[in-house]
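Residues per chain are reported as follows:
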Amino acid sequence: MTNEYLRKTAKSKTLYKRAKQFLPAGVSYGIRSFEPYPFYTARAEGSRLYDVDGNEYIDFWLGHTALILGHSHPTIVAAVEKQLKNGTHYGTPHELEINLAEQVAKIVPSCEMIRFTNSGTEANMYVTRLARTFTGKEKIAKFEGGWHGGYDALHVGVKYPFDIPESAGLTKGSLQDTVLLPFNNLEGVRAKLKNQQIASIIIEPVLGSGGGVPVETEFLKGLRELCDERDILLIFDEVITGFRLAPGGAQEYYGVTPDLTVLGKILGGGFPIGAFCGSREIMERVDSVAHKRPYYSFHGGTFAANPIAMTAGLATLKTLEDGRLIDGLNALGEKTRRKLSGIFESNGVDAQVTGAGSIFNVHFTKENVKDAIAASKADKERLLEYDLQLIANGVFFLPTHNGALSTAHSEMDMEKLFSETEKYAMQSS
Ligand SMILES: Cc1ncc(COP(=O)(O)O)c(C=O)c1O
């Protein structure tokens, strides 16, 4: 199948060679690179990516899952075009940031106040600082397999085995205050937290890079209780699940409200964004006008609340607000997981299809995938082979990563995914 890919992507190969001269690995984010080389995108529309060689791909990666309405949705494009004429960046307060803040507060249960950042990583960095400010404690906890971006204190225990540092350049000092917890295992969490003073526990309600593994509702409720008992702030990293599992995110979907929430991706309607939000009482500690140094928790940024991102985000949230589109996507997600599982099963291929709502992920293993450890033990070579075969046939998943659905995916797009999976399963069984 690689031959087929090579045959179809000559211009991408040339661009890859050029890119490698100036961009490490030829890309701007390591995970975007795959063997033999990634295709280079020329344009995108609806459910499709088009590469520089003119190949068309049904896109289930959706810009790192950000594009729930698909590429270049007409409503978003029209709103942004209008805003472009009024300025691309102000660096002063403006009404658009108030509009988006009000909208998030209206639909996300934990949100009374919010601050905008430019990425999920940045939002996680600031929310961690805020949790430490509010509780007066230094240690924080995160889960095995949880991905919260590249901020040092949270860039730990992402990939199994968890004892290998995730990156060079992380100091012992930056990691010594981070406690690693087992996912979906409340007793394990209790054991790890014994005798520890913890400011916050941060959790992805559906592990993203950890394999599309959903949290068990009872576990999440137990975690909420434990945090209340121990005066620990519970933080949901809803950078993926926010505005995807439900208009109010995973907290609405699972019925468990965190103290603080981190948002990103969908919130920007296709433009760079992040945000952290929570109760007035906690968020007011960011207020550097009311609180003097060292009592406030600093947050800021040149492009924070960029008017284009605010505009695209608001248009997106308004489109999703009544929940009908999300309900439809969740039903399609359920069907997709069932269909893919059925295809592998009927062809005798050991595979687990995980996910929740409109997120899904395939693991070639017999074992039930309940956490990132089980996900990491699945056959990655086979997954890569499946992903590459699909790419060569016009169906794009970023190899080994979660798939996501958008309102732009048609029935024919889904049939193509199922028929290409069937072909793969038949030949590999
Ligand atoms: C759950 C989660 N948190 C945080 C991040 C980091 O966000 P960003 O890539 O915008 O910095 C990501 C990115 O994939 C994510 O999936």
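Preceding this paragraph is the structure being described.
In this text the structure is predicted, and so the values were computed from the model without any measurement. The residue numbers shown here count from 1 along each chain, following its written sequence. Where totals are concerned, whole chains, interfaces and linings use all residues; where local detail is concerned, this predicted model gives features only for residues with pLDDT of at least 70, and gives and counts side-chain atom pairs only at 80 or more. Excluded from the side-chain calculation are hydrogens and water; included are all heavy atoms of the structure.

### Regarding the pattern of salt bridges
Here a salt bridge means any side-chain nitrogen of Lys or Arg lying within 4 Å of a carboxyl oxygen belonging to Asp or Glu. In the structure shown here, the tally under the stated rule is 14 salt bridges. Ionic pairing is found between Asp413 and Arg48, a salt bridge with its closest N-O pair at 2.4 Å. You can see Asp413 sitting in helix α16 (residues 411–428) and its partner Arg48 sitting in strand β2 (residues 48–51), a full 365 residues away along the chain. Whether a residue is buried, partly exposed or exposed follows from its accessible area with a 1.4 Å probe, protein chains only, as a fraction of its type maximum: under 20%, in between, or over 50%, in that order. Residue class for Asp413 comes out buried when judged on its relative accessible area of 1%. In this structure, Arg224 engages Asp228 in a salt bridge whose closest nitrogen and oxygen atoms are separated by 2.7 Å. Taken as a pair, Arg224 and Asp228 lie in helix α9 (residues 217–230) at a separation of four residues, close to a single helical turn. Put simply, DSSP H or I for four residues or longer makes a helix, DSSP E for two residues or longer makes a strand, and each gets a number counted from the N terminus.

### Some thoughts on the packing of helix α8 (residues 186–193) against α9
When two helices pack together, you describe them by how their axes are tilted relative to each other and by the distance separating the axes. Orientation is described by lines fitted to C-alpha atoms, with helices fitted over the stretch in contact, and by angles between N-to-C directions that extend from 0 to 180 degrees. Relative orientation of the contacting elements α8 and α9 amounts to 25°, with a least axis distance of 10 Å. Considering the angle they form, α8 stands roughly parallel to α9. Two packed elements cross with a definite hand, and for α8 against α9 that hand is right-handed. Note on element contacts: α9 touches α8 through Phe219, Gly222, Leu223, Leu226, Glu229 and Arg230, opposite Leu186, Val189, Arg190 and Leu193. By the convention adopted, Pro, Cys, Tyr, Trp, Phe, Met, Ile, Leu, Val and Ala count as nonpolar, Lys, Arg, Asp and Glu as charged, and the other residues, Gly among them, as polar. Among the residues forming the contact of α8 with α9, the class breakdown is six nonpolar, one polar and three charged. Each angle receives one of four descriptions, namely roughly parallel if under 35 degrees, roughly antiparallel if over 145, roughly perpendicular if within 65 to 115, and oblique otherwise. Crossing handedness is read from the near helix: turned anticlockwise from the far helix by less than a right angle, it gives a left-handed crossing, and turned clockwise, a right-handed one. Any two residues whose heavy atoms approach within 4.5 Å at even a single point are treated as in contact.

### What to know about the site of the ligand
Proximity criterion: a residue is near a molecule or strand once any of its heavy atoms comes within 4 Å of it. All residues adjacent to the ligand are Ser119, Gly120, Thr121, Asn124, Trp147, His148, Gly149, Glu204, Asp237, Val239, Ile240 and Lys265. Any pair of nitrogen or oxygen atoms within 3.5 Å is treated as a polar contact; in protein, a donor-acceptor pairing is required on top of that, and neighbouring residues in sequence qualify only through side-chain atoms on both sides. Trp147 has a polar backbone atom sitting 3.3 Å from a nitrogen atom of the ligand. One nitrogen or oxygen atom from the side chain of Lys265 is found 2.8 Å from an oxygen atom belonging to the ligand. Looking at the shell around the ligand element by element, the count peaks at three residues for helix α6 (residues 120–135).

### Re the pairing of strand β1 (residues 41–45)
Criterion used throughout: strands pair if DSSP finds at least two bridges between them. Both β1 and β2 contribute to a ladder of four bridges, which runs antiparallel. Bridged to Glu45 within β2 is Arg48.

### Digging into empty space enclosed by the protein
Think of a 1 Å grid over the protein atoms and nothing else: a 1.4 Å probe that fits but is trapped marks a cavity, an open set flanked by protein within 12 Å on at least five of seven lines marks a pocket, and residues with an atom within 4 Å of a point count as lining. Grid points are joined across faces, edges and corners, and a volume is the space filled by probe spheres set on the points. The tally for this structure, following the rule as stated, stands at four cavities of 30 Å³ or more. Volume-wise, the largest cavity comes out at about 70 Å³. Around the largest cavity sit Phe360, Asn361, Val362, Leu383, Tyr386, Asp387, Phe397, Thr400, His401 and Gly403, which together line it. Among the secondary structure elements, those contributing two or more residues to the lining of the largest cavity are β14 (359–363) and α15 (380–392).

### A closer look at the packing of aromatic side chains
Aromatic rings from Phe, Tyr and Trp, with only the six-membered ring used for Trp, were paired whenever their centres fell within 6.5 Å, and each pair was classed as stacked if the ring planes differed by under 30 degrees, edge-to-face if by over 60, and tilted otherwise. Taken as a whole and assessed by the stated rule, the structure comprises 20 aromatic pairs. Residues Phe143 and Phe183 carry aromatic rings whose centres are separated by 6.0 Å and whose planes lie at 85° to one another, so their mutual orientation is edge-to-face. Residue Phe143 is located in strand β5 (residues 139–143), and its partner Phe183 is located in the loop between β6 (178–181) and α8; the two are separated by 40 residues in the primary sequence. Overall, Phe143 belongs to the buried group, its relative accessible area being 1%. Considering the side-chain rings of Phe143 and Phe219, the 5.8 Å spacing of their centres and the 80° angle between planes classify their relative orientation as edge-to-face.

### Examining the nonpolar core
Val104, Phe243, Leu267, Phe344, Tyr386 and Leu417 are the most contacted members of the largest nonpolar core, which totals 52 residues. Not counting residues within four places of it along the chain, the set of residues in contact with Phe243 comprises Ile68, Val104, Ile107, Val108, Gly249, Leu263, Ile266, Leu267, Leu317, Leu320 and Ile326. Judged by nonpolar contacts, the second largest core, of 35 residues, contains Phe183, Leu220, Leu223 and Leu234. We define the nonpolar core as a collection of buried residues of types Ala, Val, Leu, Ile, Met, Phe, Trp, Tyr and Cys that are connected through side-chain atoms lying within 4.5 Å of one another.

### Section: the state of the cysteines
Note on terminology: disulfide denotes any pair of cysteine sulfur atoms within 2.5 Å. On inspection of all chains with the given rule, the structure shows zero disulfides. Cys277 supplies the cysteine sulfur nearest to Cys111, a cysteine that is in no disulfide, at a spacing of 3.9 Å. Given the relative accessible area of 4%, Cys111 is considered buried. Summary of cysteine pairing: Cys227 is not part of a disulfide, and the nearest cysteine sulfur, belonging to Cys277, is at 17 Å. Under the relative-accessibility criterion, Cys227 is labelled buried at 1%.

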